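Notes for the structure review
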Amino acid sequence: MSNALPRGQVAIDSGLPQFADRLPDRVASIGIRVHGDTARSVVIDDELRRLPPVEQYSDMHCVTTWSYRSLCWGGYRFRDFFDSVIRPLATPHQGATILVLKGADGARTTLQLEDALSDHVLLADSLNSQPLPLEHGGPLRLVAPAHYGYKSIKYLSDIEFTRSYDRFRPNALRFMDHPRARVAFEERGRWVPGSVLRYLYRPLIRPTIRRFRRGTRRHRQRQDADAR
Ligand SMILES: Nc1nc2c(c(=O)[nH]1)N[C@H]1C(S)=C(S)[C@@H](COP(=O)(O)O)O[C@H]1N2
Ligand SMILES: [Mo]
């Protein structure tokens, strides 16, 4: 990726999830449910491992303006997953070109099929040569580096095919969700220009860091208590 950051972004050295204070309990198996406007509903797990493994360096650009640079993701290309697994097993209907992606923590977002099939979209299960940690979406997350971070759903558990974006209910306020959220076009949200939203979002970074630290600590304590 090029050295210049996209418009309105600043580099930081650790990531911040959107629901900073809720982490899901570790999910034992990957198990992605694929359903919606498809011929069949299926749960996919082992099939993933048969895809060609890929490794990719990319940047993560959060809509609130921080960027985390040169992350080394390992996993599988979404396009291979679509061609070899989703298409034959679930068989989405023609015209079902919107994907609603859900994470085990309740986060949801959409991607256009066309965007999901581009080269750099991965299903990642490793980060910097280590198994993907829970904080960054383990066991499996989506990575869509050309789009703002909120499209890169962590703990991916559910893919629903649908025909229209309009019936989708975003987690955040409607203006904060852009159907495509392409970084190159600064599509931070709907109706309000990205160059304005950057100033509204920047003050959110610090409180989010604090919430994330608190959430991670609570999660660790809960897991320690369970282990005893
Ligand atoms: N399931 C889930 N996925 C998520 C989020 C979340 O809160 N829950 N936050 C999103 C946002 S806003 C960003 S910027 C990136 C942050 O990724 P990181 O926590 O690995 O740095 O994850 C995205 N994926
Ligand atoms: Mo984000």
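Here we look at the overall build of the protein chain
A count of helical and extended segments in the protein chain gives 5 helices and 11 strands. Here the protein chain has a C-alpha radius of gyration of 17 Å; the compact-globule value for 228 residues is 17 Å, and the two agree. Principal-axis analysis of the C-alpha atoms places the extent of the protein chain at approximately 50 × 45 × 35 Å. Burial analysis of the protein chain (228 residues in total) assigns 50% to the buried set. A separation of at least 24 residues holds for 68% of the contacts in the protein chain among residues at least 6 apart in sequence. For the protein chain, the accessible area works out to roughly 11500 Å², and carbon and sulfur atoms hold 50% of it.

So, unusual backbone geometry
Here the bond from G138 into P139 is cis, since omega is 10°, no more than 30 degrees from zero. Considering the arrangement of structural elements, one finds P139 in the loop between β9 (130-131) and β10 (141-143). Located in the positive-phi region is N128, a residue other than glycine, with phi close to 50°. Of note, N128 is situated in the loop between β8 (122-127) and β9. Phi angles above zero are rare outside glycine, and A181 is one such case at about 55°. Within the element layout of this structure, A181 appears in the loop between β11 (156-162) and α4 (194-201).

Some words on α4
For α4, the complete set of buried residues consists of G194, L197, R198 and Y201. Looking straight down α4, one finds its buried side chains confined to an arc of 110°; they lie on one side. Those residues of α4 that are exposed and angled more than 90 degrees off the buried face are Y199 and L200. Those residues of α4 hidden inside the fold are in contact with α5 (205-227).

Quick look at the nonpolar core
Judged by nonpolar contacts, the single largest core of 30 residues is most densely connected at V34, F78, F81, I86, I159 and F161. Of all elements in the fold, only β2 (32-36), β3 (42-44), α2 (78-90), β6 (98-103), α3 (113-116) and β11 reach the threshold of two or more residues within this core. For this core, the element with the most residues is α2, which contributes 6 residues. Counting 19 residues, the second-largest nonpolar core is a separate cluster that includes V54, C62, W66 and L127.

Observations regarding the pairing of strand β5 (residues 66-77)
Alignment of strand β1 (residues 10-12) against β5, held across 3 bridges, turns out to be parallel. Following the sheet pairing, I12 is matched in β5 by Y68. Summarising the sheet, strand β4 (residues 53-61) and β5 pair through 8 bridges and their orientation is antiparallel. What sits directly across from P53, in β5, is Y76. Hairpin connection between β4 and β5: a loop of 4 residues separates the two successive antiparallel strands, and T65 in this loop has a positive phi of roughly 100°. Relative to β8, β5 is paired through 5 bridges, and the arrangement is antiparallel. Paired with R77 across the bridge in β8 is L122.

Rules used in this analysis
Residues numbered from 1 in each chain as written. Chains lettered and ligands numbered in written order. Predicted model: local features only at pLDDT ≥ 70, side-chain atom pairs only at ≥ 80, totals over all residues. Heavy atoms only, no water. Helix = DSSP H or I, 4+ residues; strand = E, 2+ residues; numbered from the N terminus. Rg over C-alpha atoms; globule rule 2.2 N^0.38 Å. Buried < 20%, exposed > 50% of the residue type's maximum accessible area, 1.4 Å probe, protein only. Contact = heavy atoms within 4.5 Å. Areas by Shrake-Rupley, 256 points an atom, 1.4 Å probe, with all protein chains shown as cover. Arc of directions from axis to C-beta. Core = buried A, V, L, I, M, F, W, Y, C linked by side-chain atoms within 4.5 Å. Pairing = 2+ DSSP bridges.

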